[in-house]
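Letter by letter, the chains look like this.
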Amino acid sequence: MQFGIFTVGDVTTDPTTGHTPTEAERIRATVAIARKAEEAGLDVFATGEHHNPPFVPSSPTTLLAYIAAQTERIILSTSTTLITTSDPVKIAEDFSVLQHLSGGRTDVMLGRGNTGPVYPWFGQDIRQAIPLTVENYGLLRRLWREEAVDWEGKFRSALQGFTLAPRPLDDVPPFVWHASIRTPEIAELAAYFGDGFFANHIFWPASHTRQLVSLYRRRFAHYGHGTPEQAVVGLGGQVFMRPNSQDAVDEFRPYFDNAPVYGHGPSLEEFTRQTPLTVGSPAEVIEKTLGFREYVGDYQRQLFLIDHAGLPLKTVLEQLDLLGEEVVPVLRREFARDRLPGTPAAPTHASLLRAREDATDEGDAEAR
């Protein structure tokens, strides 16, 4: 099982000091956070994609390539690549390059995003979000898997004999997660292709996430990819920790109240009661996170949001220390202890390459 963090890359004023970082400061801080995540022993760093203030990660693969040059082990992913408004040809090219630069330490989470004005900025209609997702992903898969692509669709110009350059590393495309907060059609799409499904349930109660993941697992089996338990699932979450629980609540409350994505809404207590947000001690984070398995089953990836809402870099790095030293080691042990036999491991470039080679060997043996 993989553990890591994701960022939405917001530039938010610290409500306790009044300091607003510059865009350059926020980008540099993100790089420092990614390096620290590797030092802390985490497995994954993921960044979102946004094209509007107050967010800065408009070019995720540029950021991840820079981080790849300064790290050695950590998997570099996106927490959303906008499959609706980004050209699938450009997505295919960018992630192939990132694969080569990182030595295969990359995968991709595809999503529709949650900012309506982005669609017309890139010449698209938000009312076509689901058809755009389906068509663009169908093309993206072919670009990574076929040498010469002839293709015609509704939302972009046709392709004739198009060859992707560079090809995916070892001719193995990046593993794809389809990320969604609320949309069953995305769970269906992930199941149809046998890809991973990432339920970023940071705004929703457990009952909603249970329904989405259950749908994905059932449909994964329906399409013949394996048993429901063999489906590949990831979850999002949010944490803020201090050794003393009340200290964590007192420190995080002003950040929560002014957060750009949920501030000025429910109280901190309501939000922690109804969603995966955990504000408290490392032991409380462990207890709540282990509880996720009760409603999604054994899963492969857990990512935490820890750097939003104006939290200063020093505080975020302290959160990573707590994750690496006190939380993740326990989660690894406890999740592994009760894991059902046959539950797949989280996919990596190495495991995908082995699976392809094994399939080739089996095919050769049958031919003989």
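Preceding block: the structure.
None of the values given here were measured: they were computed from a predicted structure. (Residues numbered from 1 in each chain as written. Predicted model: local features only at pLDDT ≥ 70, side-chain atom pairs only at ≥ 80, totals over all residues. Heavy atoms only, no water.)

1. Let's talk about the packing of aromatic side chains
Heads up, the rule is: Pairing of aromatic rings covers Phe, Tyr and the six-membered ring of Trp, with a centre-to-centre limit of 6.5 Å; geometry is then stacked below 30 degrees between planes, edge-to-face above 60, and tilted otherwise. In DSSP terms, a helix is any run of H or I states spanning at least four residues, a strand is any run of E spanning at least two, and both are numbered starting from the N terminus. Each residue is assigned to one of three classes by its accessible area relative to the maximum for its type, calculated with a 1.4 Å probe on protein chains only: buried under 20%, partly exposed between the two thresholds, exposed over 50%.
Overall, the coordinates contain 12 aromatic pairs when judged by the stated rule. Ring geometry for Tyr216 and Phe220: centres 5.9 Å apart, planes at 65°, overall edge-to-face. In this pair, Tyr216 and Phe220 both sit in helix α7 (residues 206-222), four residues apart, roughly one turn of the helix. There is no split in this pair, since Tyr216 and Phe220 are both buried. One aromatic cluster in this structure is built from Tyr137, Tyr192, Phe193 and Tyr223.

2. Observations regarding helix α12 (residues 313-337)
Cut-off, in case you're wondering: In this scheme, a helix's expected span is set at 1.5 Å multiplied by one less than its residue total. Here the bend at a residue is taken as the angle between two axes, fitted respectively to the seven residues that end there and the seven that start there.
In this model α12 runs 34 Å from its N-terminal to its C-terminal C-alpha over 25 residues, within 8% of the 36 Å that 1.5 Å per residue would give. The largest bend in α12 amounts to roughly 45° and is located at Leu323. For α12, the set of buried residues is Thr315, Val316, Gln319, Leu320, Leu322, Leu323, Gly324, Val327, Val328, Leu331, Glu334 and Phe335.

3. A closer look at unusual backbone geometry
The amide bond that connects Pro53 to the next residue, Pro54, takes the cis arrangement and shows omega of 5°. Relative to the helices and strands, Pro54 is located in the loop between β2 (44-47) and α2 (60-68). Each neighbour pair has its own omega, and for Ala165 with Pro166 the value is 0°, a cis peptide bond. Topologically, Pro166 is positioned in the loop between β7 (159-162) and β8 (176-180). For Asp170, which is not glycine, the phi dihedral falls at a positive 55°. Inspection of the secondary structure puts Asp170 in the loop between β7 and β8. By relative accessible area, which is 38% here, Asp170 ends up partly exposed. Within the chain, Ala309 stands out as a residue other than glycine whose phi angle is a positive 70°. The topology assignment puts Ala309 in the loop between β12 (301-305) and α12. Residue class for Ala309 comes out buried when judged on its relative accessible area of 1%.

4. Things to note about the packing of helix α1 (residues 23-39) against α12
Rules: All axes here are fitted lines through C-alpha atoms, helices being fitted over the stretch that makes contact, and every angle between N-to-C directions spans 0 to 180 degrees. Reported orientations rely on four angle classes, namely roughly parallel under 35 degrees, roughly antiparallel over 145, roughly perpendicular from 65 to 115, and oblique for the rest. In this scheme the handedness of a crossing depends on how the near helix is turned from the far one: anticlockwise by less than a right angle means left-handed, clockwise means right-handed. We call two residues in contact whenever any of their non-hydrogen atoms come within 4.5 Å of each other.
Running from N to C, α1 and α12 point in directions that differ by 15°, and their axes come no closer than 10 Å. Considering their axes alone, α1 and α12 lie roughly parallel with respect to each other. Like other packed secondary-structure pairs, α1 and α12 cross with a definite hand, here right-handed. Between α1 and α12, the contacting residues are Ala29, Ala32, Ile33, Lys36 and Ala37 on the first element and Leu313, Val316, Leu317, Leu320 and Asp321 on the second.

5. Some words on the packing of helix α3 (residues 88-102) against helix α5 (residues 129-145)
Quick note on the threshold: Gly is put with the polar residues, along with every residue not named as nonpolar or charged; the nonpolar set is Ala, Val, Leu, Ile, Met, Phe, Trp, Tyr, Cys and Pro, and the charged set is Asp, Glu, Lys and Arg.
Packing of α3 against α5 brings their axes to within 9 Å, and their N-to-C directions diverge by 40°. Of the possible angle classes, the one that applies to α3 and α5 is oblique. α5 is crossed by α3, and the crossing has right-handed handedness. Listed contacts from α5 to Pro88, Val89, Ile91, Ala92, Phe95 and Ser96 of α3 are Asn136, Leu139, Leu140, Leu143 and Trp144. Here the residues of the contact of α3 with α5 sort into nine nonpolar, two polar and no charged.

6. Comments concerning the pattern of salt bridges
As a reminder of what qualifies: When a carboxyl oxygen of Asp or Glu is within 4 Å of a side-chain nitrogen of Lys or Arg, the pair counts as a salt bridge.
Following the criterion strictly, the structure yields 23 salt bridges and no others. Measuring nitrogen to oxygen at the nearest pair gives 2.6 Å for the salt bridge that ties Glu318 to Lys314. In this pair, Glu318 and Lys314 are both assigned in helix α12, four residues apart and thus about one turn of the helix distant. Overall, the relative accessible area of 23% leaves Glu318 in the partly exposed class. Residue Lys314 is classed as exposed on the basis of its relative accessible area, which comes to 61%. Because the salt bridges share partners, they merge into one network encompassing Arg293, Asp298, Arg333, Glu334, Arg337 and Asp338.

7. Re the pairing of β2
Applied cut-off: When the strands point away from the viewer, a crossover counts as right-handed if the route from the first strand across the helix to the second turns clockwise.
Covered by surrounding structure in β2 are Val44 and Ala46 together with Phe45 and Thr47, the residues of both alternating faces. In this region the chain leaves strand β1 (residues 2-7), passes through α1 and returns to the parallel neighbour β2; the handedness of that crossover is right-handed.

8. Quick notes on the environment of Leu353
Positionally, Leu353 belongs in helix α13 (residues 349-367). As a C-alpha pair, Leu353 and Thr71 span 282 residues in sequence and 22 Å in three-dimensional space.

9. Notes on the environment of Pro184
Note that Pro184 resides in helix α6 (residues 184-193). Classification of Pro184 as partly exposed rests on a relative accessible area of 39%. Pro184 sits 31 residues away from Leu215 along the chain, and the two C-alpha atoms are 7.6 Å apart. In contact with Pro184, other than residues within four places in its own chain, are Leu212 and Leu215.

In short, geometric facts, not functional conclusions.
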